[in-house]
Amino acid sequence: MAVSKNASAARKEILDMLIEDHKSAKKLFRDFEKLSQEDAEERESLVSLACTELKLHTQLEEELFYPALRGALKEQDLLEEAEVEHASAKQLIEQLDSLDADDPKFTATFKVLGEYVKHHIKEEESEMFEQLQRAKVDWPLLLEQMTARRMELEMELGLAEDAAGDDESADAQPVGAALEGDDDADDAGKSRGGRRQTIE
Ligand SMILES: [Fe+2]
Ligand SMILES: [Fe+2]
């Protein structure tokens, strides 16, 4: 049926969008490991980008994605757990916002955030997302809402300029690009409309 096909395509697009964010976050944590202690400026800008991307992602999930799964997901406690994990991550992000890169706690705080985020991503992808095939959710509507909200948040958080490829990009590459030069880095600040094909 055309309707259910649209629904599953929309569901896939939503999950692709979220998984793409997860990949970008994991990559930024990996990139951080490669920076030397002396690169205070780069470390600070990488951490700031990671925190901003995480703010967008967690807000999108909390405002739209998780509420849509309330009552539709088989294991509702996964949502409670996810929200508690978001709250812990937010506390660390707040701490990082007020720390300088040369503060001894800076690296430790970001590393702990990385551990939390990786654990959380694993649970979402291997438990929560796995249950969505049978969940009764209006996927096309949710996709529309999430795409619109994402654009707003990108503007609010200053991530939208990267997407437009403004003139800064010519001389100031994203931190990740300078480190690895792979395609993920180029996509780091771009709007992710679910172009990725695989769900791992
Ligand atoms: Fe997520
Ligand atoms: Fe999440």
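Bear in mind the structure is a predicted one, so any value in this text is a computation, not a measurement. (Residues numbered from 1 in each chain as written. Chains lettered and ligands numbered in written order. Predicted model: local features only at pLDDT ≥ 70, side-chain atom pairs only at ≥ 80, totals over all residues.)

**Description of the overall build of the protein chain**
Heads up, the condition is: In this text, helices come from DSSP runs of H or I with a minimum length of four residues, and strands from runs of E with a minimum of two, each type numbered from the N-terminal end. Here a residue counts as buried when 20 or more other C-beta atoms sit within 10 Å of its C-beta, as exposed when there are 12 or fewer, and as partly exposed otherwise, the C-beta atoms being derived from the backbone. Residues are scored as being in contact if the C-beta atoms we place from backbone atoms lie within 7 Å.
Along the protein chain, the regular secondary structure elements total nine helices and zero strands. Counting from the amino terminus, the protein chain carries its helices and strands in the arrangement α-α-α-α-α-α-α-α-α. The burial tally for the protein chain puts 28% of its 200 residues in the buried class. Considering only intrachain contacts with a sequence separation of at least 6, the fraction spanning at least 24 residues in the protein chain is 77%.

**Considering the nonpolar core**
Selection rule: What we call a nonpolar core is a set of buried Ala, Val, Leu, Ile, Met, Phe, Trp, Tyr and Cys residues whose membership is set by joining through C-beta atoms within 7 Å.
Grouped together as the largest cluster of nonpolar side chains are 17 residues, with contacts concentrated most on I14, L18, F65, W139, L142, L143 and M146. Of all elements in the fold, only α1 (2–34), α2 (40–69) and α5 (139–156) reach the threshold of two or more residues within this core. Sorting elements by how many residues they give to this core places α1 first, with six residues. L28, L49, L54 and V117 belong to the second-largest nonpolar core, a separate cluster that totals 15 residues.

**Concerning the packing of helix α3 (residues 77–97) against helix α4 (residues 104–128)**
The test is simple: Axis definition: a line fitted to C-alpha atoms, over the contacting stretch in the case of helices. Angles run 0 to 180 degrees between N-to-C directions. Any angle that is under 35 degrees is reported as roughly parallel, and any over 145 degrees as roughly antiparallel; angles of 65 to 115 degrees are reported as roughly perpendicular and all others as oblique. By definition, any crossing whose near helix is turned counterclockwise from its far helix by less than a right angle is left-handed, and any crossing with a clockwise turn is right-handed.
Where α3 meets α4, the axes come as close as 10 Å, and the angle between the chain directions of the two elements is 160 degrees. On the basis of the axis angle, α3 is roughly antiparallel to α4. Crossing of α3 against α4: the hand is left-handed. Contact residues: L78, A82, E85, S88, A89, L92, I93, Q95 and L96 in α3; T109, F110, V112, L113, Y116, V117, H120, E124, E127 and M128 in α4.

**Re the environment of K105**
In this fold, K105 is placed in helix α4. For the pair K105 and Q95, spaced ten residues apart in sequence, the C-alpha separation works out to 9.5 Å.

**Points about the environment of A50**
Tracing the backbone shows A50 in helix α2. For A50, a count of 27 C-beta atoms within 10 Å puts it in the buried group. In this structure the C-alpha to C-alpha distance between A50 and F110, which are 60 residues apart in sequence, comes to 9.6 Å. Those residues in contact with A50 that lie beyond four places of it in its chain are A25, L28 and F29.

**So, the confidence of the model for the protein chain**
Put simply, the rule reads: pLDDT is a residue-level measure of predictor confidence that goes from 0 to 100.
Put simply, the protein chain has an average pLDDT of 84, and 78% of its residues get 70 or more. Under a pLDDT of 50 for its full length, residues 165–200 has, in the predicted model, 46 contacts with residues more than four places off or in other chains.

**With respect to α4**
Where we set the bar: Here, expected helix span is obtained from the residue count minus one, scaled by 1.5 Å.
The end-to-end C-alpha distance of α4, which contains 25 residues, comes to 36 Å, matching closely the 36 Å that a straight helix rising 1.5 Å per residue would cover. For α4, the set of buried residues is F110, L113, V117, H120, E124 and M128.

**Some words on the packing of α2 against α5**
To be explicit about the condition: Polar here means any residue outside two lists: the nonpolar Ala, Val, Leu, Ile, Met, Phe, Trp, Tyr, Cys and Pro, and the charged Asp, Glu, Lys and Arg; Gly therefore counts as polar.
At a minimum axis distance of 10 Å, the contact between α2 and α5 shows a crossing angle of 160 degrees. Classified by the angle their axes make, α2 and α5 are roughly antiparallel. α5 is crossed by α2, and the crossing has right-handed handedness. Contact residues: L56, Q59, L60, E63, L64, F65 and A68 in α2; L142, Q145, M146, R149, R150, L153 and E154 in α5. Split into classes, the residues belonging to the contact of α2 with α5 amount to eight nonpolar, two polar and four charged.

**Quick notes on α2**
What counts is decided by this rule: A residue's bend is simply the angle between two axes: one fitted to the seven residues ending at it, one to the seven starting at it.
Given a rise of 1.5 Å per residue, 30 residues ought to cover 44 Å, and the 41 Å separating the end C-alpha atoms of α2 matches this to within 8%. Of all the bends in α2, the greatest, near 45 degrees, is centred on E62. The first or second residue beyond α2 is G71, which carries a positive phi of 85 degrees.

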